[in-house]
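Listed here are the chains, written in short residue letters.
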Amino acid sequence: MFYIKDASEYIGKEVKIRGWLYNKRSSGSIKFLLIRDGTGIMQGIMIESELDPQVFSKFDDLTQESSLKVTGTIREDKRAPGGYEITIKDVEIYQIADEYPITPKSHGTNFLLDHRHLWIRSKLQNAILNVRSELIQAIRDYFYQNGFAMVDSPILTKAIGEEAATLFETDYFDLGKASLAQTGQLYAEAAIFSLNKVYTFGPTFRAEKSKTRRHLIEFWMIEGEEAFYDNEMNMDLQEDLVEYFVQRVVERAHQHLETLERDISALEKVRKPFYRISYDECVEILKKNGSPIEWGQDLGGEDQTILSTHYDKPVFIYNFPKHAKAFYMKEHPENPDLVLCSDLFAPEGHGEIIGGSQREDDYDKLLNRIREEGLPEEAYGWYLDLRKYGSVPHSGFGLGLERTVGWVCGIEHVREAIPFPRLINRIYP
RNA sequence: UCCUCGGUAGCUCAAUCGGCAGAGCGGGUGGCUGUUAACCACUAGGUUGCAGGUUCAAGUCCUGCCCGAGGAGCCA
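As the structure is a prediction and not an experimental result, all values here were calculated from the model.

### Points about the nonpolar core
Residues F143, V242, F245 and V246 are the most contacted members of the largest nonpolar core, which totals 42 residues. Residue assignment for this core shows that the elements contributing at least two residues are α5 (123–145), β10 (197–205), α7 (231–252), α9 (264–268), β14 (341–346), β15 (351–358), β16 (394–400) and α14 (401–409). In this structure F245 touches L135, A138, I139, L399 and T404, once residues within four positions along its chain are discounted.

### Notes on the sheet that holds strand β2 (residues 30–36)
Where strands meet in a sheet, backbone hydrogen bonds hold them as pairs that are either parallel or antiparallel. Here we have 5 strands rolled up into a closed barrel, ordered β1-β2-β3-β5-β4, and mixed in their pairing. For this sheet the average axis-to-axis angle between neighbouring strands, irrespective of direction, equals 55°. Bridging between strand β4 (residues 67–76) and strand β5 (residues 84–95) involves 10 bridges; their strand directions are antiparallel. Across the sheet, the residue bridging to S67 is Q95, located in β5.

### Notes on the packing of α5 against α14
Angle between the axes and distance between the axes are the two parameters that describe a pair of packed helices. In contact at an axis separation of 10 Å, α5 and α14 are set at 120° when each is read in the N-to-C sense. Relative to α14, the element α5 is oriented oblique. For α5 against α14, the interelement crossing comes out right-handed. When α5 is examined against α14, the residues I128, V131, R132, L135, I136 and I139 are found in contact with a partner set consisting of L401, E402, T404, V405, V408 and C409. Its residues assigned to classes, the contact of α5 with α14 comprises 9 nonpolar, 1 polar and 2 charged.

### What to know about the domain arrangement of chain A
What the domain assignment lists for chain A is domain 1 (4–95) and domain 2 (116–416). For domain 1 versus domain 2, the separation of C-alpha centres amounts to 46 Å.

### Some words on the protein's contact with RNA strand B
Around RNA strand B, 54 residues are found, and the nearest of them are R25, S26, P104, H107 and R403. The sugar-phosphate backbone supplies 49% of the atoms of RNA strand B found within 4 Å of the protein. R206 places a polar side-chain atom, nitrogen or oxygen, 2.7 Å from a sugar or linking oxygen of RNA strand B. I354 is positioned with one of its backbone polar atoms (N or O) 3.3 Å from a sugar or linking oxygen of RNA strand B. Mapped by element, the contributors of at least two residues to the surface near RNA strand B are β1 (14–26), β2, β3 (41–47), α3 (109–114), β11 (218–227), α11 (301–310) and β15.

### Examining the pairing of strand β9 (residues 177–180)
Across 2 bridges, the pairing between strand β7 (residues 156–157) and β9 is antiparallel. In the sheet register, L156 faces β9, and the bridge partner there is L180. Where strand β8 (residues 169–171) and β9 come together, 3 bridges link them in antiparallel fashion. For D171, the partnering residue across the bridge sits in β9 and is K177. Connecting β8 to the next strand, β9, in antiparallel fashion are 5 residues, including F173 with a positive phi near 45°.

### Re the pattern of salt bridges
Two side chains carrying opposite charge are able to pair once their charged atoms lie near each other. In this structure the tally under the stated criterion is 31 salt bridges. Residues R426 and D114 are paired through a salt bridge, measuring 2.7 Å at the closest nitrogen-oxygen approach. One end of the pair, R426, is in the segment after α14; the other, D114, is in helix α3, with 312 residues separating them in the sequence. On the basis of relative accessible area, R426 is assigned to the buried category, the value being 13%. The closest approach of N and O atoms between E372 and R369, which form a salt bridge, is 3.1 Å. Of the two residues, E372 and R369 are both situated in helix α12 (residues 363–372); the distance of 3 residues between them amounts to about one turn of the helix. According to the relative accessible area criterion, E372 is partly exposed, its value standing at 48%. Taken together, the salt bridges that share partners define one network made up of R75, D77, R79 and E85.

### Some points on the packing of aromatic side chains
Scanning the entire structure with this criterion turns up 16 aromatic pairs. Ring centres of Y142 and F143 lie 5.9 Å apart, and the angle between their planes is 75°; this geometry places the pair in the edge-to-face category. Among the residues examined, Y142 registers a relative accessible area of 4% and is labelled buried. Note on Y279 and F320: the rings are 5.1 Å apart at their centroids and 45° apart in plane angle, and the pair reads as tilted. Of this pair, Y279 sits in helix α10 (residues 279–288) while F320 is found in the loop between β13 (315–318) and β14, placing the two residues 41 residues apart along the sequence. In this structure Y279 comes out as buried when scored by relative accessible area, which is 0%. F320 sits in the buried class, given a relative accessible area of 0%. Cation over ring: K24 sits above F59, and NZ or CZ is 4.7 Å from the ring centre. Taking the ring centre of Y275 as reference, the NZ or CZ of K313 above it sits at 5.8 Å.

### Things to note about the sheet that holds β8
One open sheet accounts for 3 strands, arranged β7-β9-β8; its pairing is antiparallel. Each edge of the sheet is formed by a strand with only one pairing partner; in this case those strands are β7 and β8.

### Regarding a nonpolar patch on the surface
On the surface, a nonpolar cluster with roughly 470 Å² of combined accessible area is contributed by L156, Y172, F173 and L175. Note on placement: L175 falls in the loop between β8 and β9.

### With respect to the side chain of K325
Structurally, the position occupied by K325 is in the loop between β13 and β14. Among the residues examined, K325 registers a relative accessible area of 14% and is labelled buried. Only 2.9 Å separates the side chain of K325 from the side chain of D343, close enough to count as a polar contact.

The rules we used
Residues numbered from 1 in each chain as written. Chains lettered and ligands numbered in written order. Predicted model: local features only at pLDDT ≥ 70, side-chain atom pairs only at ≥ 80, totals over all residues. Heavy atoms only, no water. Core = buried A, V, L, I, M, F, W, Y, C linked by side-chain atoms within 4.5 Å. Buried < 20%, exposed > 50% of the residue type's maximum accessible area, 1.4 Å probe, protein only. Helix = DSSP H or I, 4+ residues; strand = E, 2+ residues; numbered from the N terminus. Contact = heavy atoms within 4.5 Å. Pairing = 2+ DSSP bridges. Axes fitted to C-alpha atoms, helices over the stretch in contact; angles between N-to-C directions. Parallel < 35°, antiparallel > 145°, perpendicular 65-115°, else oblique. Left-handed = near helix turned anticlockwise from the far one by under 90°. Nonpolar A, V, L, I, M, F, W, Y, C, P; charged D, E, K, R; others polar. Domains from an automatic or database assignment. Near = heavy atom within 4 Å. Polar contact = N/O pair within 3.5 Å; in protein donor to acceptor, adjacent residues only side chain to side chain. Salt bridge = Lys/Arg side-chain N within 4 Å of Asp/Glu carboxyl O. Phe/Tyr/Trp six-rings, centres within 6.5 Å; stacked < 30°, edge-to-face > 60°. Lys NZ or Arg CZ within 6 Å of the ring centre and 35° of its normal. Patch = residues over 30% accessible without salt bridge, like charges linked within 9 Å, V, L, I, M, F, W, Y side chains within 5 Å. Areas by Shrake-Rupley, 256 points an atom, 1.4 Å probe, with all protein chains shown as cover.

Written as structure tokens, this is what we have:
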């Protein structure tokens, strides 16, 4: 089957394009159809003097997004968008589309989100979804090539993970309430004792009442977990992974990045080593740049923006205060107020894309932290077991896919980085 | 939950001091032999988010509510 992206291989040949009408123009007895087939957009020409009148008149019936099959010869022509065009010999119509809501002029976000099922057909959204697809493939390939096993963590769980206030609950037969997973990490930790290095790749759910450009209710997370890795090695791994997938997208999705008018030179700078700054240093830098942050607090949205505009490459902030971070992070051996962890911030104002840490591997210390945080001890029985039967130092991290897609594509809001975003006040379409 | 901004034609927006409800796109009709979000002419299209109030007169001012956007908190 012929696809528009392969046009250069078909010059002078007769082909059939199956697709949808993107737009049309006419100047009387010469008419232009812009046809898209998901791989590209190609201009078709209909010339009255060279066409059967019955075929020529089909132009008038065609509406935006009508589905059609055109037969014709591919030619190179500088006047055509994309450099190639098809001289049409025949037009077969699958369906005449109803009046299409998304016109070739500008629309507001609310309207576009209401029509997300149609919006994804547009040029920029198509490019974003293509980059997302390339990115996912690159991440999977990286893990495969580096000896990681893929494990699937459960989506229905007993409340265990991040925070009880942000759980989606559902009835689970005679066993009370279950909730949708907020993370697969704890299960990934169990899996390293079987497989050594693992990653999970799945949807996660957080019922946070967040309305910011960085938040989705349902988002996809990639979580690496590595036996016998300390926090330093964990950062080395993240750095290597991020460099790999960014460079691979630059290489294989170049055209889509150009469609998005992404500054590709900024992505080409994403090479090891990244910057690494301790939390202590970070607080000093932020204070100098006018942040009201005090030692002991986690970084706010404004702080993230300051940091990620300050550097031209991703930057790690490591070793946060214990009480700003999750219970499972390992206490710093020389300073019990700190934990061994790191957040990775993407440059150009895009903010946090990874949170990682070395995990607490000492049974008593972990139990202590669970009690300090007032977590339901009984739900963590199996997780504590991992510290009883051959506990080892280990580390891991979670990469937010949509934030990463947003950064690589250079788009403002994560809601465009996923085909059908789930937002606090939106579950349609 | 809190703060800020917004809601006018299918869509994007305008409407001066409170004084006749407007334009572009999209739809319809006609024209044009190389168009590039084509262009030109004509045309149809309105419960100004909802409910009250002030006024001779409200899209505009006041009160309440609904909906949306951005941000805070929280996080990937």
